[in-house]
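# Architecture at a glance
Each chain, written out:
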Amino acid sequence: MLRSFSQVAAAALFALATIMVPHLTARAVAPHSSAAVRSTASASPHQISYKTAKRLIHQSEHTGMKMGKMVMFSGKSAHIIIIANQPGLKDMTFAIHGMVNPEVTVPVGAKVQLTLVNMDFGGGMAHGIVIGKLTPPYATAVPVPVPGQIAQIPLLAPRSRQTRSQAKYYADSTTFTAKKPGTYYYLCQMPTHAKMFKMYGKFEVVKPSQP
Ligand SMILES: [Cu+2]
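An account of the accompanying structure is given in this report. (Residues numbered from 1 in each chain as written. Predicted model: local features only at pLDDT ≥ 70, side-chain atom pairs only at ≥ 80, totals over all residues.)

### What to know about the overall build of the protein
When helices and strands are tallied, the protein shows four helices and 13 strands. Every one of the 211 residues in the protein was classed for burial, and the buried ones make up 41%. (Helix = DSSP H or I, 4+ residues; strand = E, 2+ residues; numbered from the N terminus. Buried ≥ 20, exposed ≤ 12 C-beta atoms within 10 Å, placed from the backbone.)

### Things to note about the nonpolar core
One finds Ile80, Ile82, Leu116, Val117 and Leu187 to be the most contacted residues of the largest nonpolar core, which totals 54 residues. The biggest single contributor to this core is strand E4 (residues 77-84), with six residues. (Core = buried A, V, L, I, M, F, W, Y, C linked by C-beta atoms within 7 Å.)

### Focus: the sheet that holds strand E5 (residues 94-96)
Overall, mixed pairing links the six strands, which are arranged E1-E11-E8-E4-E5-E6 in an open sheet. The open sheet is flanked by strand E1 (46-48) and strand E6 (99-100), the only strands paired with a single partner. The pairing of E1 with strand E11 (residues 169-177) spans three bridges and is classified as antiparallel. Bridge pairing in E11 places His46 opposite Ala171. Its contacts with the sheet put helix H3 (residues 50-61) on E1, E4, E5, strand E8 (111-118) and E11, and the angle it makes with E4 is roughly 125 degrees. (Pairing = 2+ DSSP bridges. Contact = placed C-beta atoms within 7 Å. Axes fitted to C-alpha atoms, helices over the stretch in contact; angles between N-to-C directions.)

### A short note on the pairing of strand E9 (residues 127-132)
Most of E9 sits out of view: six of its six residues are buried. Side chains His127, Ile129 and Ile131 project from E9 onto one buried face, and the interleaved Gly128, Val130 and Gly132 project onto a second face that is buried too. Where E9 lies against strand E10 (residues 151-156), four bridges are found, and the strand directions are antiparallel. Directly across from Ile131, in E10, lies its bridge partner Ala151. Pairing geometry for E9 and strand E12 (residues 182-187), over three bridges, is antiparallel. What sits directly across from Ile131, in E12, is Tyr186.

### Here's the deal with the environment of Ala167
As for its placement among the helices and strands, Ala167 is situated in the loop between E10 and E11. Accessibility expressed as a C-beta count within 10 Å gives 19 for Ala167, which makes it partly exposed. Along the backbone, Ala167 and Met119 are 48 residues apart, and their C-alpha atoms lie at a distance of 9.1 Å. Filtering out sequence-adjacent residues up to four positions away, Ala167 remains in contact with Tyr50, Arg159, Ser160 and Arg161.

### Quick word on the environment of Thr175
With respect to the secondary-structure elements, Thr175 resides in strand E11. Counting along the chain gives 25 residues from Thr175 to Ile150, while the straight-line C-alpha distance between them is 9.6 Å.

### Section: H3
Owing to its 3.6 residues per turn, the α-helix aligns residues three or four sequence positions apart on the same side. The first and last C-alpha atoms of H3 sit 16 Å apart over twelve residues, in line with the 16 Å expected at 1.5 Å per residue. Every buried residue of H3 is accounted for by Ala53, Leu56, Ile57 and Ser60. Projected down its long axis, H3 shows its buried positions confined to an angular sector of 105 degrees, all on one face. Residues of H3 that are exposed and point over 90 degrees away from its buried face: Lys51, Arg55, His58 and Gln59. (Expected span 1.5 Å × (residues − 1). Arc of directions from axis to C-beta.)

### Digging into the environment of Pro208
Within the element layout of this structure, Pro208 appears in the segment after strand E13 (200-206). Taking the C-alpha atoms as reference, Pro208 lies 9.4 Å from Gly75; in sequence the two are 133 residues apart.

### Let's talk about unusual backbone geometry
Along the chain, Pro136 connects to Pro137 via a cis peptide bond; the corresponding omega equals 5 degrees. Relative to the helices and strands, Pro137 resides in the loop between E9 and E10. Looking along the chain, the bond that leaves Val144 and enters Pro145 is cis, with omega of 5 degrees. Even without glycine at this site, Lys198 takes up a positive phi of about 55 degrees. Of note, Lys198 is situated in the loop between helix H4 (193-196) and E13.

Below, the structure is given as structure tokens:
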């Protein structure tokens, strides 16, 4: 259901984004067609059941360490599972470790596997993720790749139907190495989402000596 004018506007922009990002609708049926737009090696988007999505939520909530409003990952590898519109949490947000748009910290040199699941309800929005050096505030449309981009998961179509337990959900993964320390941001590249809905968070790549 559309709850506000801004979401109506966002829905209208979905059509626009489909034109701007031609692979968006094609991805649902031809997962291999968009390889060229990916900045890093990526698995193909695939549909998962509600049961599998719930398992990924559980895994997300038990991976990394909560430190205030931050989620800290340590070690040489990290699996960061991001849920767009996690049931029970705020609409139009990313959830990591059960937190809404938290700051994420990974040690420099870590091999990161990034998984995104789109569980969007309500307006049925597409969501994706890019990680780079682009800082907020964001423009209505964010051109991809962003400056200093280190990872991308192209837009994932919304779930197949409204009934949560019967729906299929799109999921995709990518891997990258957090080579350079510094402050990055993860954000949703769907027009308006980063700007109007604040679908973004800080992503820090830190030297092991840093607190
Ligand atoms: Cu989004």
